Each structure stands twice: as C-alpha cells, then as structure tokens.
Amino acid sequence: MPSLSPRPGRMPWLDPFVLPTVAVLGVVIGYPVVYTLVLSAQKFNLLDTSPARFIGGANYMHLTVDPIFWSSLVNTAIYTFGSVAISAAIGLALALLTENLFGWRFRAVRALLLMPWAVPFVVVAFLFRYMYLQDGGVINAVLLRLGLIAHPVLWLNNATLALPATMVANIWTMVPFFFLLLSAALAAVPGEVIEAASIDRAGTFSMIIYIKLPFLKNALLVSSLLMVISNVNDFAKIWAMTEGGPGYSTTTLVVYVYRLAFEDFNFGYASAIGVVWLVLLLGFAWLYLRRLRIP
Amino acid sequence: MTDPMRSRRRSRWLPRAGQTAAIVVALFWSLAPVYWMLATSFKTELEATRLEPTLWPLHPTVANYTELAGKSLPFLAFFLNSVVSCLLTAVIALAIATPAAYALSRGRFLLRGPVSYGILIFRMLPLVVMLAPLYLLLMTAHLLDSTAGLVVGFTTFGLPFAVWMMKSFIDAVPTEIEEAARIDGCGRLQILLKVVLPLVLPGLLTTATFVFMEAWNNLIYPLTFMTSLSKQTLPAALVLSFTGQFKTDWGGMMAASVLTTLPLMVAFFAVQRSIVRGLVAGALAGA
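Residues numbered from 1 in each chain as written. Chains lettered and ligands numbered in written order. Predicted model: local features only at pLDDT ≥ 70, side-chain atom pairs only at ≥ 80, totals over all residues.

Peer 1: What exactly am I supposed to notice about the overall build of chain B here?
Peer 2: Counting its secondary structure elements, chain B contains 15 helices and zero strands. Counting across all 287 residues of chain B, residues that qualify as buried make up 46%. Contacts in chain B between residues far apart in sequence, at least 24 positions, make up 77% of those at least 6 positions apart. (Helix = DSSP H or I, 4+ residues; strand = E, 2+ residues; numbered from the N terminus. Buried ≥ 20, exposed ≤ 12 C-beta atoms within 10 Å, placed from the backbone. Contact = placed C-beta atoms within 7 Å.)

Written out as structure tokens, the structure is:
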C-alpha cells in the first residue's frame, strides 16, 4: 500500500507545494530585510542627488545619542505592554463573568462584547478623538456633569495624558480578542477538575487562582504574544489620533521610523532603527516561544 | 446528572445581581462608542459639536451620508479601492498559502522545520523594518501608486498568517480520508482540492476574513505607497481628509467612519462562529 510519507532516506529537500509561498515571501520579505541591513550602513536620503554611500556603523552610533529614539522606545514599551496587560486582565474578567451563561444569553452577550473588534483601527482613532474633544466631547461633558472634573480636560493635547488616552482607545479594541480566547480556554478546563475542587470546598477566588488560571496560562501567553506583535506594529491608531504628538509624547518607534523615512526621507537612519527593532522583537519572541515550547 | 459543561457552569463567583450589573457595565463599555458614532453620523454639523452633547440627534438627518457621495472627495472610489485591494489580498494569500499549509501539515521534506519557523518569524517581523526597502522595491518595479503594489504590501503580513492558520485547520482533518482517496488513484493536488478543501472550508473563510480585516485596518502602506488621492483606501482617505474637509465636520467624519466600519462588521459577524473555532485552533493548537 502506498503511504503518505516516503521512506526517510529519500526525503526531498522541499515540497513543490511550499515553493510559491517561499518564493513570494523571499521577494516581499526576505529581500527587504536584507536590503534594510544594507541601507542601515549607508548615508541614504531619497531627496539627495548624491548617491548613497557606505558609512559603516555611523547610523548606529547616532542612534545611541538620539533622545527621540530612546523616548520612542520607552513609549512603545509602555503603549504595548501596558495595553496588552490591561486588556488581558479585562478580557479575563469578562470571560469569568460570562462563564456561567449559556445558550442564547451567552451568544448574545458574546456577540455584543465582540463588537469593538469589528471597528477598523482608523475609525476607532477618530471616534475616540471626537469623544476626547475639549469642547463638545462627550467624555468631558459627562465628567463635568458628574462633577469629577472642574474644567474640560485636553486629553490628547496634554503631554502627560496623551499616551494613556491613546491606550484607552487601544484597550477598547483589544479586549474582545482576549475575552474570546480566554472564554474558549475556560470552557476547555476539564469538568472533573472543577468538580474535584468544589468537593474540596475551594472558595471562589482560590478556584480562579489555583485551579483555572494554570489552565489558562498557555492561552494567555499565546494571545498576549500575538497582541504584543500587533501592538508593536500599531501605526494606524496612534497616527490618526495624535500623529505622535504633542511634542514626541506619543511617538512610538513605528511613528518615528515613518517620520524619518517619509517626512525626512532619511532611509539609512530609519533602516538602522528598523534593524535594532528587529533584533529586540526577535529576541522577545524567542524567549516567549522557548517558554511555551511550541513544536 | 446533566452534562459536565452545564454542571461546571453552575459554579458561581458573584451573586446574580452583581453579575448582571457587571455585565451591563461591560456592555456599556463596548457598545457606547459604537452608538456614539452612529448617533453623531445623523446629527448636523452644528449639533455634533454642541458644548452640551445631545444623547439622541435632535433633528436626525441623512445629509452626512448623501454628502459623502456628492462632496469633493470620491468616497465611493475610496470604498471600492479598499474592497478591491483587500479582497485581492485575501484571495491571493489563500491561493498561495493553502498548498503550503497542506505540505507543512502532511508533507515529509527535509526543510519542513526551517520553512515553518521561517514563516513564523516572518509573521513576527515589525512592519517598519520593511517600510523603506519595500518602498524602494516597489519604486524600482514601477508599482508605487498602484493596486498591485498595495497588494504586495498587504501580502507581507497576510501570507505568513494565512499559512499558519490554514495549517492548524488542515492538521485537524483526519488523514484516513486522504489515504482512501489516494488508493482510488487521486493525485496530491486532486486530494487537496476535492477532499481536504471542502472539509476546511469554514477555516478557509475564517482565515480569508482575518486577512481581509487586517488589510482593511492597515494604514501605513496605503499612506506611503499611494500618491494620488483618487487611488487611496478608505482609512488613508479618512486621515488625509481630516486635515481638510472634516476639520470641524464631525457628523460627516462619523458618517464616513460608519461606511468604513460596515464591511468589516458584516464580514466579522458572518463568520463569527468559525472565528471562535478558528482562533481557538490557531492560537491554542501550539499551546
């Protein structure tokens, strides 16, 4: 009988079925990544008439003394890890909250809680920008009416408040993802384990912390990794809300690289930052995946 | 004794009233902004920026929507540009990714490990790393300011994602059926098209929806690769028009936002059930 797998000794190097993917990714990702490495060692400005020239590590040296680079690194870390941690916590709370609902109640609540997920990032940005308005913004109006603030707050025009304010919008879009994945993971906790724990009279909170959370660990790790990657790449929400301002208070690395490359056309320096970023992110992903031991 | 699902769900950690209140708060948090967008889109420009916002449009009007078609900006064109480029991306990504996912799931070849890891790493690459070189690549290929160039950009994140997601769906299909088809004399391509694909169709649709959504959400590629306004996608057009037409016209802005949201909502809720299954398969399979 012919088997699906040929004998190991005759294993081919590649399967023709993966060739299109390998070829396309080689051109649209492999080549640009290699090209970035080359660009990062060059003085290359698209507006310059003089040709690009090799300057070795000068771009990288400049990077160490560039305060905007460091502040955007810190902003990226706060924006990414802050939003992901808070969204994961809210998502987990919602999953536990809706755990004992079933049938149409669960489906209805789930569909409504998932709604923000289907709102495009740019729309989220403008929607929150509108709600944050100083005059006529609904958030200021409600807070004033409740007496929580005395004067309208300039949420997005204040260097201290702008980053947290953009994070709130970001969290709003991200919670449904965690809620959905953690709900599914929660439903997969073996019933016997819960039974056994309730026979042992485990309290509500010890039940959550000692019985359920360990089962959710992997789901939490994987979903956070996915969201960290997507947040690190998040350009749309920040750009449409603040364009990185006021000053550089909401400038993350993506926004900074975009400005360098497409406002100053300084492709060489922008590429050097890209390379540093690449190393950081791959290091992070490696640590993460090793912890998970994904096959 | 009822089934285990039911008995497990009976465990309760909040009193019923507290739970209901918390759910109401959660629903308010997730729905209020969406309501605000809808309500504002039916308000006049004056009412939308009133110092005391009105909960319900005082003089509901559809002018914001009709003006989208009539004003100086071609919103219908933006809409079509978005639909075409995102659909093309989804179709192309799935067409290339499905055989690869099948090979990575079933095939036995020496570079299987490195190829799988490579695709996973490509998936994790920050977009900014590729921004400048991809721009230069498209410039050399004369693909700047074209739908084709935009689709190339979207493929950089759509394709690796589609391969991994499809692989997790194909992994779940039992191989016995394929063995039977193979004995009947079917070739590999035939098995993939006639036996495996019908079984993973929900997964295929879910993956396509995700690729479509991610492309629809993308702002940085259209903003950098497209130079003429008439070829822009909706998200980029919203950003570009905000500096002009919509500076103070929040009603118009919200109407355009509703238009941008609608296709994503429809796609999302059409496949919502398989999204749940697909995401669980995709994200938990490795765990």
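Here the narrative resumes, following the displayed structure.
Peer 1: What is the right way to look at the overall build of chain A in this model?
Peer 2: Helix and strand counts for chain A come out as 12 helices and two strands. Its helices and strands taken in sequence order, chain A reads α-β-β-α-α-α-α-α-α-α-α-α-α-α from the N to the C terminus. Taken against the 2.2 N^0.38 rule, which gives 19 Å for 295 residues, the C-alpha radius of gyration of chain A at 24 Å runs more than 25% over that of a compact globule. For the C-alpha atoms alone, the extent of chain A along its principal axes is close to 80 × 75 × 30 Å. (Rg over C-alpha atoms; globule rule 2.2 N^0.38 Å.)

Peer 1: Can you walk me through the interface of chain A and chain B in this structure?
Peer 2: Many authors give the size of an interface as the accessible area that is lost as the parts come together. Contact with chain A, which involves 91 residues of that partner, is made by 87 residues of chain B. Ranked by residues supplied to the side of chain A that touches chain B, first place goes to helix H1 (residues 19-40) of chain A with 13 residues. Residues belonging to the side of chain A that touches chain B are distributed by class as follows: 74 nonpolar, 14 polar and three charged. (Nonpolar A, V, L, I, M, F, W, Y, C, P; charged D, E, K, R; others polar.)

Peer 1: Looking at this structure, I do not really get unusual backbone geometry. What am I missing?
Peer 2: In terms of backbone geometry, most residues other than glycine have negative phi values and most peptide bonds are trans. Here the residue pair A:Gly245 and A:Pro246 is connected by a cis peptide bond, since its omega of -5 degrees sits within 30 degrees of zero. Considering the arrangement of structural elements, one finds A:Pro246 in the loop between helix H10 (236-241) and helix H11 (253-262). The backbone phi angle of A:Phe265 is positive, close to 55 degrees, even though this residue is not glycine. Structurally, A:Phe265 can be placed in the loop between H11 and helix H12 (267-292). Notably, B:His142 is not glycine yet its phi reads approximately 55 degrees, a positive angle. By the element assignment, B:His142 lies in the loop between helix H7 (127-140) and helix H8 (147-171).

Peer 1: Explain the confidence of the model for chain B here, please?
Peer 2: Should the pLDDT be low somewhere, the predicted coordinates at that spot are not to be read in detail. Residues and elements named next belong to chain B. Across chain B, the average pLDDT comes to 83, with 89% of residues at 70 or higher. Counting contacts from residues 1-11, a segment whose pLDDT is below 50, to residues more than four positions away or on other chains yields 13 contacts. Both confidence scores are given for the complex: pTM 0.86, ipTM 0.85. (pLDDT = per-residue confidence, 0-100.)

Peer 1: Looking at this structure, I do not really get helix H13 (residues 234-242) of chain B. What am I missing?
Peer 2: Each α-helix winds once per 3.6 residues, and so residues spaced three or four apart point in a common direction. Taking burial as the measure, the nine residues of H13(B) include seven buried ones, the bulk of the element. Inspection of H13(B) places B:Leu234, B:Pro235, B:Ala236, B:Ala237, B:Leu238, B:Val239 and B:Ser241 among the buried residues, and these make up the whole buried set. The elements touched by buried residues of H13(B) are helix H5 (121-131) and H10 of chain A together with helix H5 (75-106), helix H12 (220-225) and helix H14 (250-270) of chain B.

Peer 1: It is not clear to me how the environment of B:Ser241 should be interpreted in this structure. Could you clarify?
Peer 2: Residue and element names in this part refer to chain B. Inspection of the secondary structure assignment puts serine 241 in helix H13. On the neighbour-count criterion, serine 241 (22 C-beta atoms within 10 Å) is buried. The spatial distance from the C-alpha of serine 241 to the C-alpha of arginine 182 is 57 Å, given a sequence separation of 59 residues.

Peer 1: Whenever I open this one, the packing of H5(A) against H14(B) confuses me. Can you help?
Peer 2: Helices that pack against each other are described as a pair by the angle of their axes relative to one another and the distance between those axes. Look at H5(A) against H14(B): their axes get within 10 Å of each other, and the N-to-C directions meet at 155 degrees. With respect to each other, H5(A) and H14(B) are oriented roughly antiparallel. Crossing hand, H5(A) versus H14(B): left-handed. Facing H5(A), whose interface residues are A:Val122, A:Val123, A:Phe126, A:Leu127 and A:Tyr130, H14(B) presents B:Trp250, B:Met253, B:Ser257, B:Thr260 and B:Thr261. Of the residues belonging to the contact of H5(A) with H14(B), the class tally is seven nonpolar, three polar and no charged. (Axes fitted to C-alpha atoms, helices over the stretch in contact; angles between N-to-C directions. Parallel < 35°, antiparallel > 145°, perpendicular 65-115°, else oblique. Left-handed = near helix turned anticlockwise from the far one by under 90°.)

Peer 1: Got a minute to help me understand the nonpolar core in this structure?
Peer 2: It is characteristic of soluble globular proteins that their nonpolar side chains tend to be buried jointly. Of all hydrophobic cores here, the largest spans 160 residues; its most connected members are A:Val122, A:Ala125, A:Leu182, A:Val257, B:Ala97 and B:Leu131. Setting aside its immediate chain neighbours within four residues, B:Ala97 contacts A:Thr21, B:Leu159, B:Ala162, B:Val163 and B:Met166. (Core = buried A, V, L, I, M, F, W, Y, C linked by C-beta atoms within 7 Å.)

Peer 1: I keep staring at the packing of helix H3 (residues 67-97) of chain A against helix H7 (residues 162-187) of chain A and nothing clicks. Help me out?
Peer 2: Residues and elements named next belong to chain A. Two elements in contact, H3 and H7, have axes whose closest approach is 6 Å; the angle formed by their N-to-C orientations is 40 degrees. When the interaxial angle is binned, H3 and H7 end up oblique. Crossing geometry of H3 relative to H7 is assigned as right-handed. When grouped by side-chain class, the residues that make up the contact of H3 with H7 number 17 nonpolar, seven polar and no charged.

Peer 1: Would you explain the environment of A:Ala141 in this entry?
Peer 2: Structurally, A:Ala141 is set in helix H6 (residues 138-145). Judged by C-beta crowding, with 18 C-beta atoms within 10 Å, A:Ala141 ranks as partly exposed. Residues A:Ala141 and A:Val153, 12 residues apart in the sequence, show an inter-C-alpha distance of 9.9 Å. For A:Ala141, the contacting residues outside a window of four places in its chain are B:Glu52 and B:Pro53.

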